[in-house]
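Understanding the architecture of this molecule
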Amino acid sequence: MRLHGHVFSVLTDLTAAAAACVARLSAESVRSRGRFTVAFSGGSLPGLLCPGLVAQPLRSGIDWPAWRVFWADERCVPATDARSNYAALREHLLDHVGIAPQQVYPMDETLALDPAAAAAAYQAALARVFRPAAGEPPRFDLILLGLGEDGHTASLFPSHSLLRETVHWVGPVFDSPKPPPRRITMTLPVLNNARDIVFMAAGAGKSEALARVLGEDEGENTPAARLVRPCDGRVTWLVDAEAASRLR
Ligand code: 6PG
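Quick look at the structure, then. (Residues numbered from 1 in each chain as written. Predicted model: local features only at pLDDT ≥ 70, side-chain atom pairs only at ≥ 80, totals over all residues. Heavy atoms only, no water.)

**Comments concerning the overall build of the chain**
Quick note on the threshold: Labels follow the DSSP assignment, with helices taken as runs of H or I lasting at least four residues and strands as runs of E lasting at least two, numbered in each case from the N terminus. Using C-alpha atoms as the atom set, the radius of gyration is obtained and then compared with a globule rule of 2.2 Å times the number of residues to the power 0.38. Partly exposed describes any residue whose relative accessible area lies between the buried limit of under 20% and the exposed limit of over 50%, with all areas from a 1.4 Å probe on protein chains only and scaled to the type maximum. Contacts are assigned to residue pairs with any non-hydrogen atoms lying within 4.5 Å of each other. Computed by Shrake-Rupley with a 1.4 Å probe, the accessible areas treat only the displayed protein chains as cover when residues are assessed. When charges are counted, Lys and Arg are positive and Asp and Glu negative, with His and the chain ends excluded. Each charge is placed at NZ for Lys, CZ for Arg, CG for Asp and CD for Glu.
Summing up its helical and strand segments, the chain has seven helices and nine strands in all. A compact globule built from 248 residues should have a C-alpha radius of gyration of about 18 Å, and the chain, at 17 Å, falls within 12% of that. Structurally, the chain occupies a C-alpha span of about 45 × 45 × 35 Å along its principal axes. Evaluated residue by residue, the chain yields a buried proportion of 52% over its 248 residues. Counting only contacts in the chain whose residues sit at least 6 apart along the sequence, the fraction spanning at least 24 positions is 77%. As displayed, the chain has an accessible area near 11,000 Å², and 52% of this comes from carbon and sulfur atoms. Both charge centroids of the chain, one from 25 positive and one from 26 negative side chains, sit 5 Å from each other.

Okay, here's the thing in structure tokens:
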């Protein structure tokens, strides 16, 4: 794994750098493989990242029709619910750029009452788009992740059994400590097979978690975000000065 990190004192600089990073990875992926497979997280990430993507000059330089858009995790709520990660990305990105509905892979909202079925259906959608070799998880060009104050990322929460998942690509969560409790999430085998992982974190509330994620191994208490270490990929941390305030 190759690890990079950048600290920004101004939030708009963090937005601009993150958007430029995504645009560069999109261009590289389209050049090498003809498409750009990207998974988004929810929380503050779409609002931090997307203003830079939808603004010029990046907006008209990005090959939007080559994008295939997924979610690293989703809350099990209808797509019209304000808590939906799909709804957040529509608001901040999808409604503003040339990405057609057939390029977008949201959770099947008709399964929102049944997280296990929703996770299985999402895994089947990944299999159809990526067609990986037997036993291989999909290989995303980019997975965008946030950081919870307890060190969670996507919907992989501390001490949850999904942290030990080695077979399934997407798992159900019934007891998320961050509301809403029912969710689906990509698992570590998928996150750790990505070409690029970009974490974004802003605010003092993230400082302790960030110090733990980049600090010493805590064994059983290790925050989930620390377990994101792609075997053949890069991890980039884009954070603001407040989030970085406890780093040595
Ligand atoms: C979600 C997430 C989750 C998020 C972190 C950070 O849907 O809740 O994808 O992993 O990225 O909780 O959220 P904030 O940036 O809002 O603190």
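**What to know about the nonpolar core**
Rules: Here the nonpolar core consists of buried residues drawn from Ala, Val, Leu, Ile, Met, Phe, Trp, Tyr and Cys, with membership extended through side-chain atoms lying within 4.5 Å.
Counting residues in hydrophobic clusters, the biggest one holds 77 residues, and the most contacted among them are F40, L49, W67, L93, F140 and I143. Top element by residues in this core is helix 1 (residues 11–33). It accounts for seven residues. In this structure F40 touches L45, L49, C50, W67, V69, F70, W71, A72, D73, L89, L93 and L144, once residues within four positions along its chain are discounted.

**So, unusual backbone geometry**
Of note, the amide linkage connecting Q56 to P57 takes the cis form, showing an omega dihedral of 10 degrees. The residue P57 is located in the loop between helix 2 (45–54) and helix 3 (58–61) in this model. P180 follows P179 through a cis peptide bond whose omega is -5 degrees. Its location among the elements puts P180 in the loop between strand 6 (170–173) and strand 7 (183–186).

**Side note on helix 5 (residues 115–130)**
Going by this rule: The span one expects for a helix is its residue count, reduced by one, times 1.5 Å. Arc, as used here, means the arc of the directions from the helix axis to the C-beta atoms.
Taking 1.5 Å of rise per residue, 16 residues should cover 22 Å, and helix 5 covers 22 Å from first to last C-alpha, within 8% of that figure. Of the positions making up helix 5, those classed as buried are P115, A118, A119, Y122, A125, L126, V129 and F130. Projected down its long axis, helix 5 carries its buried residues within an arc of 120 degrees, all on one side. Lining the buried residues of helix 5 we find strand 2 (36–40), strand 3 (67–71), strand 6 and strand 7. In the stretch just after helix 5, R131 is the one whose phi turns positive, near 45 degrees.

**Side note on the packing of helix 2 against helix 4 (residues 85–94)**
Stated precisely, the cut-off is as follows: To obtain each axis, a line is fitted to C-alpha atoms, and for helices this fit is confined to the stretch in contact; angles are then taken between N-to-C directions over 0 to 180 degrees. Orientation categories follow fixed angle ranges, with anything under 35 degrees roughly parallel, anything over 145 roughly antiparallel, 65 to 115 roughly perpendicular, and all other angles oblique. Throughout this entry, Asp, Glu, Lys and Arg are counted as charged residues, while Ala, Val, Leu, Ile, Met, Phe, Trp, Tyr, Cys and Pro are counted as nonpolar. The remaining residues, Gly among them, count as polar.
With their axes 9 Å apart at the nearest point, helix 2 and helix 4 run at an angle of 25 degrees to one another. Here helix 2 is positioned roughly parallel relative to helix 4, judged by the angle of their axes. Facing helix 2, whose interface residues are P46, G47, C50, L53 and V54, helix 4 presents A88, L89, H92 and L93. Of the residues assigned to the contact of helix 2 with helix 4, the class counts are seven nonpolar, two polar and no charged.

**Quick word on the pairing of strand 5 (residues 142–145)**
The cut-off we apply is this: A pair of strands is labelled paired if DSSP reports no fewer than 2 bridges between them.
Side chains L142 and L144 of strand 5 all project onto a buried face; the interleaved residues I143 and L145 project onto the opposite face, where all are buried too. Examined bridge by bridge, strand 2 and strand 5 share two bridges and lie parallel to one another. Counterpart to A39 in the pairing with strand 5 is I143. By the bridge criterion, four bridges tie strand 5 to strand 8 (residues 196–201) in an arrangement that is parallel. Paired with I143 across the bridge in strand 8 is I197.

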